[in-house]
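Remarks on the overall topology
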Amino acid sequence: MKLANKYLSSTTLWLRRVSALCFCCVLSNPVFAVGTAVGTVIENTANISYDLAGTPLTLQSNTTTIVVAERINVTTTLLSPQTLVSANDTDQALLFTVTNTGNGSEAFELAIDSNIAGSDFNPTPAVPAIYFDTDGSGDFNAGDVAYTLGVNDPVLAPDASVNVFLVNDIPGTVANGDIGRSELTATSVTGSGAPGTVFAGQGDGGVDAVIGTTGGTAAAVGEYLVSDVLISVTKSQVVTDPTGGSEPIPGATLTYSIAVEVTSSGVATASALTDPIPTFTTFVPGSITLNGAAISDATDGDAGELDNSGAATVVVRLGDLTQADGVQTIVFQVTID
Amino acid sequence: MRILTGLMLTALSFVAAAQAHLDVQTLVQKEQAYINEQGETDRRLVTADIVVPGETVFYTITFTNVSDESAENVVITNPIAEDLVYVEGSAFGPGTDMQFSIDGGASFANRDELTITEEGVTRPAVARDFTHVRWVMQNTLEAGAQATARFAAVLE
């Protein structure tokens, strides 16, 4: 009878294990990331079978019991890429996520540190400096609720996470290419310390809480890059009159040459040059070139056109420019009416 | 008087049958770091009452033949709890053949003979698949003799 019971419970165990494995395959194991639930009781009983004087007999050992305590673990991850800023910018936000990787519900204190060694400048934390991404937009905006230590410490279920902004102002003294850093630290309210430290009775349901591999605290650092891109634009003109001279008389051709150059560090993203055709002149069809290569007047797949939607304007798109790209030369012609 | 003696004998033999021939004790332990007498950090096994995910627990089964007869065909079977994953290579039992089950203890085989078929694909069983571990004693457990079996598992 005991044996029959044993097999029955064993079969149940096996089915549960199989279903757990399938679950694991489908969902890329979000549950197992945090481990066995707090308070789970794991019993163990060994079975022994033997023959004594030709009689088969069985016995069970005593039952050992272990209780799963709360493991306190947390990770902090930077979500923002390096954030481009300018001197005197205010409310520049870095987005982080804090995840409870322990196996119990846990509250976490949040802290900001913007004086990180090795930085070119120290950003100035705004007041307040820590916000929740309340609206889930990923962008810092008016709907986001400020964090206050001890008042709205986020309480996270196992494997749950919360997105948090660090908000800093950029000093006026920074130079192009300077990097400033700001660090978010999340620390378990129950406690932190060396892995293995036990907080007796302070886990969920009164079981012990044990500090996990992360020490109960985790930090991540975000970066600001000062990127005031300086662009130089120089326009020159050459007049060719119908007589072969250089007098700006009706019928003379004006050849405009515009040199565009990034003269600082940083990237001028999606840069474009627009230059209206001067009054009392007429654009010379097919005269636009970029670095010597012709650009058609039509709005098509190439880098520019003559835009006639309003006043006639030459448009040339230069894309993302850096100092390394050197001088970009745009040429077009008009005739004097 | 004769009848009374008969009754007493019956009672005595009943007691004897209820008494186990083998004593089987299971112990669950985990590693703990401590500072030894040389002032160095060392590790030792202590009784595990509480564990946290990721911790390894060590089960030791000690069995003693407390009868005055030899026990033949001694087999120890221990389930591996749902939240525990067997530590590969940890099963230990001098003088035993170790076998594993992947079907809740319905069948047992040597480590390398177990395969799992999922969605028509067969692969070798891994530690996570094991539901039971079994030690089959190669020899007789003589009267008064003691033996041990061990394995380790990690709490998920």
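You'll find the structure just up there.
Residues numbered from 1 in each chain as written. Chains lettered and ligands numbered in written order. Predicted model: local features only at pLDDT ≥ 70, side-chain atom pairs only at ≥ 80, totals over all residues. Heavy atoms only, no water.

Digging into the overall build of chain A
To keep it simple, the criterion reads: Only runs of H or I of at least four residues qualify as helices and only runs of E of at least two qualify as strands under DSSP, and these elements are numbered from the N terminus. Buried means the residue's accessible area, taken with a 1.4 Å probe over protein chains only, is under 20% of the maximum for its type, while exposed means over 50%, and partly exposed covers the values in between. What sets the accessible areas is the Shrake-Rupley method with a 1.4 Å probe; for residues, cover comes only from the shown protein chains.
A count of helices and strands for chain A gives one helix and 23 strands. Residues counted as buried form 40% of the 337 residues belonging to chain A. Summing over all exposed atoms, chain A offers an accessible surface of approximately 16,000 Å²; the carbon and sulfur share of this is 57%.

Comments concerning the interface of chain A and chain B
Convention followed: The contact criterion used throughout is that any non-hydrogen atoms of two residues lie within 4.5 Å. The term buried area refers to how much accessible surface (probe radius 1.4 Å) is lost by two components on association, counted for both of them together. For this analysis, a salt bridge means a side-chain nitrogen from Lys or Arg found within 4 Å of a carboxyl oxygen belonging to Asp or Glu. Under this definition, polar contacts are N or O atom pairs within 3.5 Å; protein pairs additionally need one hydrogen-donor-capable and one acceptor-capable atom, and for neighbouring residues in sequence, both atoms have to be side-chain atoms.
Across the contact, 40 residues belong to chain A and 48 residues belong to chain B. Summing both sides of the interface, chain A and chain B together bury roughly 3,700 Å²; the carbon and sulfur share of this comes to 59%. At the boundary of chain A with chain B, the tally comes to zero salt bridges. There are 13 residue pairs in polar contact (both at pLDDT 80 or more) connecting chain A and chain B. Those elements that place two or more of their residues in the side of chain A that touches chain B are helix H1 (2-27), strand S1 (41-52), strand S2 (55-68) and strand S3 (70-72) of chain A.

Section: the layout of surface pockets
We count it as follows: Only protein atoms enter the 1 Å grid, on which a cavity is a set of points fitting a 1.4 Å probe that cannot get out and a pocket is an open set with protein on both sides within 12 Å along at least 5 of 7 lines, lining residues being those with an atom within 4 Å of a point. Grid points are joined across faces, edges and corners, and a volume is the space filled by probe spheres set on the points. Any residue outside Ala, Val, Leu, Ile, Met, Phe, Trp, Tyr, Cys, Pro, Asp, Glu, Lys and Arg is labelled polar, Gly included; the first ten of those are nonpolar and the last four are charged.
Here the largest pocket is characterised by a volume of approximately 460 Å³. Lining the largest pocket are 19 residues, and of these Gly196(A), Val210(A), Lys30(B), Val52(B) and Glu55(B) lie nearest its centre. If you list the elements that add at least two residues to the lining of the largest pocket, you get strand S13 (209-211) of chain A together with strand S1 (22-35) and strand S2 (41-47) of chain B. When residues of the lining of the largest pocket are assigned to their parent elements, the largest contribution, three residues, is made by S1(B). A breakdown of the residues in the lining of the largest pocket according to their chemical character gives eight nonpolar, seven polar and four charged.

What to know about the nonpolar core
Quick note on the threshold: What we call a nonpolar core is a set of buried Ala, Val, Leu, Ile, Met, Phe, Trp, Tyr and Cys residues that are connected through their side-chain atoms within 4.5 Å.
Judged by nonpolar contacts, the single largest core of 41 residues is most densely connected at Phe63(B), Leu84(B) and Phe151(B). Where this core is concerned, the elements lending two or more residues are S1 and S2 of chain A together with S1, strand S4 (56-65), strand S5 (71-79), strand S6 (84-86), strand S10 (132-137) and strand S11 (146-155) of chain B.

Topic: the environment of Phe96(A)
Structurally, the position occupied by Phe96(A) is in strand S6 (residues 92-100). When the C-alpha atoms of Phe96(A) and Leu184(A) are compared, they prove to be 7.7 Å apart, with 88 residues separating the residues in sequence.

Things to note about the sheet that holds S2(A)
Cut-off, in case you're wondering: Here, a strand pair is defined by DSSP locating no fewer than two bridges between the strands.
Spatial strand order, S3(B)-S2(A)-S1(A)-S5(B)-S10(B)-S7(B): six strands in an open sheet with mixed pairing. Among the strands making up the open sheet, the edge pair consists of strand S3 (50-51) and strand S7 (96-101) of chain B. For S1(A) and S2(A), the ladder comprises eleven bridges, and the chain directions are antiparallel. Each residue of the ladder has a partner; that of Thr45(A), found in S2(A), is Thr63(A).

Looking at the sheet that holds strand S14 (residues 217-226) of chain A
All names here are of chain A. One open sheet holds the five strands; their spatial order is S5-S14-S11-S7-S9, and the pairing between them is mixed. On the outer flanks of this sheet lie strand S5 (83-85) and strand S9 (155-156), each paired with one strand and no other. Pairing analysis gives six bridges linking strand S7 (residues 106-113) to strand S11 (residues 179-188), with the strands arranged antiparallel. Within the sheet, the bridge partner assigned to Asp-113 lies in S11 and is Glu-183.

Focus on the packing of aromatic side chains
Cut-off, in case you're wondering: Centre distance within 6.5 Å is the pairing criterion for rings of Phe, Tyr and Trp, where only the six-membered ring of Trp is used; planes under 30 degrees apart are then read as stacked, over 60 as edge-to-face, and the remainder as tilted. We call a charge positioned over a ring when the NZ of a Lys or the CZ of an Arg lies within 6 Å of the ring centre and within 35 degrees of the ring normal.
Here the structure, examined in full by the defined rule, presents ten aromatic pairs over all chains. Taking the centre distance of 6.2 Å and the plane angle of 45 degrees together, the rings of Trp135(B) and Phe151(B) count as tilted. Note that Trp135(B) is positioned in strand S10 and Phe151(B) in strand S11, a separation of 16 residues in sequence. Here the two residues Trp135(B) and Phe151(B) agree in accessibility, since each one is buried. One aromatic cluster is present, formed by Tyr59(B), Tyr86(B), Phe100(B), Phe130(B), Trp135(B) and Phe151(B) through successive ring pairs. Stacked on the ring of Tyr256(A), the Lys or Arg Lys235(A) has its end atom at 4.4 Å from the ring centre. Here the guanidinium or amino end of Arg44(B) rests over the ring plane of Tyr34(B), the centre of that ring lying 4.0 Å away.

Looking at unusual backbone geometry
Residues and elements named next belong to chain A. In this structure, Pro-128 follows Val-127 across a cis peptide bond, with omega equal to -10 degrees. Along the polypeptide, Pro-128 turns up in strand S8 (residues 124-132). Although it is not a glycine, Asp-159 sits at a positive phi angle of roughly 75 degrees. By the element assignment, Asp-159 lies in the loop between S9 and strand S10 (161-169). You can call Asp-159 partly exposed: its relative accessible area is 28%. The phi dihedral of Asn-291 is positive, around 50 degrees, even though this residue is not glycine. Along the polypeptide, Asn-291 turns up in the loop between strand S19 (289-290) and strand S20 (293-294). A relative accessible area of 43% places Asn-291 in the partly exposed class.

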